Every structure is written in structure tokens, then in C-alpha cells.
Amino acid sequence: MTLEVVTFWGLAVLLIGSALSVVLTKNLFHSVLWLALSLTATAGIFLALEAEFLAAVQLLLYAGGVVTIVVFAIVVTERLVGERITQTSRHIVTGVVLAGALLLAVLRFLRGADLPVERPVIGVEDVTRVLGKVLMTEFVLPFELLAVLLLVGLLGALYFARPED
Amino acid sequence: MPLHAYLTLAAILFSIGFFGVMTRRNTIGILLGIELMLNAVNINLVAFARFNADIVGMIFTAFTIPITVAEVALGLAIVILMFRMRRTAIADHLDILKG
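Residues numbered from 1 in each chain as written. Chains lettered and ligands numbered in written order. Predicted model: local features only at pLDDT ≥ 70, side-chain atom pairs only at ≥ 80, totals over all residues.

K.L.:
I would appreciate a short explanation of the overall build of chain B in the present structure.
P.N.:
Scanning chain B from N- to C-terminus turns up 3 helices and 0 strands. When its helices and strands are written in sequence order, chain B yields α-α-α. For chain B, the C-alpha radius of gyration of 17 Å lies well beyond 13 Å, the compact-globule estimate for 99 residues. Overall, the C-alpha framework of chain B stretches about 50 × 25 × 20 Å when taken along its three principal axes. Considering chain B as a whole, with its 99 residues, one finds that 56% of them fall into the buried category. Counting contacts in chain B only where the partners sit at least 6 residues apart, residues at least 24 apart contribute 45% of the total. (Helix = DSSP H or I, 4+ residues; strand = E, 2+ residues; numbered from the N terminus. Rg over C-alpha atoms; globule rule 2.2 N^0.38 Å. Buried ≥ 20, exposed ≤ 12 C-beta atoms within 10 Å, placed from the backbone. Contact = placed C-beta atoms within 7 Å.)

Structure follows, in C-alpha cells:
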């Protein structure tokens, strides 16, 4: 077994285990912490795929930003209600059947698909450098639009969640 | 590892997230399920980009991650707003639009 195989299986077990905990844990707060672990494991997968920049973005924005926002929301809503929020699940059998059917359909399609086994060598030396260059030249318009979208989204969130006056 | 392995992992992750969206009653719990599904899609994008040695796929992921963050921020703002109005986080209780 090479290092890549060991890394992949370790990350896969971590990712699937934490993802299952996210959807099965009763305590909502623990659920968010498991989500942080699974997002970090995804950053590890990105590293295994030699996308260092995206791993960093994943850690900063997802594991850092999203988890913080969700924890904030839980604290605020618990303060509004004045009690601990527990969460229950319903229609578990239906959920298992539908999610299982979806998984089987995708896996069947994957088995028949003709996909590359070996990764080709990336022609460039530093992926992050090329990413930055392409982002600032070829994709500069979508990049700016993304900035506008983020601004509008956060302003909208602020407007919605503003204190009552 | 072949591309199959990464795609299978992403498919399993997507199904788990889908299960969470279907079964959770709490709105925040449903959002967490959506996060897992989006994450699976990101793994697919990066895996395809790497196995085709094409940087543009990674650019696509660099766009989807911030869009997801904006989506979560807005979604949670709506959750907090609904909490103020209805004092509940259970998705089934949010039936104001019902005729």
C-alpha cells in the first residue's frame, strides 16, 4: 500500500463517519462540530488531489466561516426560545430508502462509466500561482460578480437579522 | 487511487447529506445536510479537474465555495427571522404560506 492509498482510506473513513454523525446526532450543537470535522476531512481530500489552494479556502471559509455562523445562529435562537434545542428525525425509513436508491443509481452509473485510472501530470509547476493568474485574467468578470454576490448576500443577511426597533 | 474511488466517496457523502435533508425536522439541521451535499459536489469537481489535469475545474470550485458561504449566511438569517416570528425551528410548523 502506498501513502496515497492509506491517506485516501483514512480520510474516507473519517469523512463518512463524521457525515453520518452530522445527520444522526440528537444534539444540534454536536452536529455542527461533526460538520466541522467532515469539512476538514474534505480539505484533506483536496490536499490528496493536489489542490492546496482549495484546501486552504475550504478550511478558511467552510470550517472557519460556515461553522462559526451556524454556531452563532444556534446560540441566538436558543436565547430567543430560552431552552435547549434538540432535534429529532422523522420518516427515517423513507429517508434510508430514498437516499439508498439515489446512491445505488449513481454507483451503477459510475460502474459503467469509462473513467481515467491514472492521474496525468499537471503541466504547470505551481497550481496556486496559475489559479491566481487565470482568476485575474480569463475569469476576472465572474470573480468580480462573485464579490458583488457576497456583498449583496451578506447585506441581505444583515437586513434580515437586524434587531427589532 | 483511480477517479472511481473519489467519485464513489462523493456519492456516499451526497446520499448521507440527502438523508439528512429528508429526515431532519429542525431547519438548521436541514441546512447542515445541504452543506454535506454541496461538499460532495466540490469533491467531484476537484477530482475531475485533477484527473483531467485541467485547472479550470478548480476555478469552478473556488467559485462554488464562496457562493455556499453566502447561501448559509442568508439561510441562517432567514432561520433567525422565522424564529422571531414563530418561535419554532421545526420546518413543519412554518406553514404561513399555506392557503
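K.L.:
Mind showing me how you'd approach the interface of chain A and chain B here?
P.N.:
It is common to report an interface's size as the accessible area lost on association of the parts. Each partner contributes residues to the interface: chain A has 78 residues there, and chain B has 58 residues. Listed by contribution, the elements that provide at least two residues to the side of chain A that touches chain B are α1 (3-24), α2 (28-48), α3 (52-81), α4 (92-112), α5 (127-136) and α6 (140-160) of chain A. Here the side of chain A that touches chain B gets 15 residues from one element, more than from any other, and that element is α3 of chain A.

K.L.:
Sorry if this is basic, but what is going on with the packing of α6 of chain A against helix α3 (residues 55-86) of chain B here?
P.N.:
In a pair of packed helices, the angle between the axes and the distance between the axes together describe the arrangement. As a packed pair, α6 of chain A and α3 of chain B sit with axes 8 Å apart at the nearest point and diverge in direction by 10 degrees. When the axis of α6 of chain A is compared with that of α3 of chain B, the two are roughly parallel. The chirality of how α6 of chain A crosses α3 of chain B is left-handed. Residues Pro142, Leu146, Leu149, Leu150, Gly153, Leu154, Gly156, Ala157 and Phe160 of chain A of α6 of chain A form the contact with α3 of chain B, whose participating residues are Phe63, Pro66, Ile67, Ala70, Ala73, Leu74, Ala77, Ile78 and Leu81 of chain B. Its residues assigned to classes, the contact of α6 of chain A with α3 of chain B shows 16 nonpolar, 2 polar and no charged. (Axes fitted to C-alpha atoms, helices over the stretch in contact; angles between N-to-C directions. Parallel < 35°, antiparallel > 145°, perpendicular 65-115°, else oblique. Left-handed = near helix turned anticlockwise from the far one by under 90°. Nonpolar A, V, L, I, M, F, W, Y, C, P; charged D, E, K, R; others polar.)

K.L.:
How do you make sense of the packing of helix α1 (residues 3-23) of chain B against helix α2 (residues 27-51) of chain B when you look at a structure like this?
P.N.:
Residue and element names in this part refer to chain B. One way to put it is that α1 packs onto α2 with a least axis distance of 7 Å and a crossing angle of 165 degrees. Taken together, α1 and α2 sit at an angle that is classed as roughly antiparallel. In this structure, the crossing between α1 and α2 has a hand that is left-handed. Split by residue class, the contact of α1 with α2 holds 19 nonpolar, 6 polar and no charged.

K.L.:
Explanation requested: the domain arrangement of chain A in the structure shown.
P.N.:
Annotation of chain A at the domain level lists domain 1 (3-120) and domain 2 (122-165). Relative placement of domain 1 of chain A and domain 2 of chain A: their C-alpha centres are 23 Å apart. (Domains from an automatic or database assignment.)

K.L.:
Would you mind going over unusual backbone geometry with me for this structure?
P.N.:
Most of the time, phi is negative for any residue but glycine, and the peptide bond is trans. Phi at Glu50 of chain A takes a positive value of approximately 60 degrees, unusual for a residue other than glycine. Structurally, the position occupied by Glu50 of chain A is in the loop between α2 and α3. Among the residues examined, Glu50 of chain A registers 15 C-beta atoms within 10 Å and is labelled partly exposed. Positive phi values are uncommon outside glycine, yet Ala53 of chain B reaches one of about 50 degrees. Within the secondary structure, Ala53 of chain B is located in the loop between α2 and α3. Looking at Ala53 of chain B, the number of C-beta atoms within 10 Å reads 14, which means it is partly exposed.

K.L.:
So what exactly am I meant to see when it comes to the nonpolar core here?
P.N.:
One recurring pattern in soluble globular proteins: nonpolar side chains tend to sit buried together. If you look at the biggest cluster of nonpolar residues, it comprises 66 residues, and the most contacted ones within it are Ala10, Leu13, Ile43, Val46, Ala47 and Met58 of chain B. Those elements giving two or more residues to this core turn out to be α1, α2 and α3 of chain A together with α1, α2 and α3 of chain B. Once residues within four sequence positions are removed from consideration, Ile43 of chain B is found in contact with Thr42 and Ile45 of chain A together with Tyr6, Leu9, Ala10 and Leu13 of chain B. (Core = buried A, V, L, I, M, F, W, Y, C linked by C-beta atoms within 7 Å.)

K.L.:
Just checking my understanding: could you explain the environment of Leu76 of chain B for this structure?
P.N.:
Summarising the element assignment, Leu76 of chain B is placed in helix α3. The buried category is assigned to Leu76 of chain B, around which 24 C-beta atoms lie within 10 Å. As for Leu76 of chain B and Asn44 of chain B, which are separated by 32 residues in sequence, their C-alpha atoms are 26 Å apart. Residues contacting Leu76 of chain B, with those up to four places away along its chain left out, are Ile69, Val70 and Ala73 of chain A.

K.L.:
Whenever I open this one, α2 of chain B confuses me. Can you help?
P.N.:
Helical periodicity: at 3.6 residues per turn, an α-helix aligns residues three or four positions apart in one direction. Residues and elements named next belong to chain B. Taking 1.5 Å per residue as the helical rise, α2 with its 25 residues ought to reach 36 Å, and the 37 Å between its terminal C-alpha atoms agrees with that figure. When you tally the buried positions in α2, you get 21 out of 25 residues, the bulk of the element. Of the residues trailing α2, Ala53 is marked for its positive phi of about 50 degrees. (Expected span 1.5 Å × (residues − 1).)

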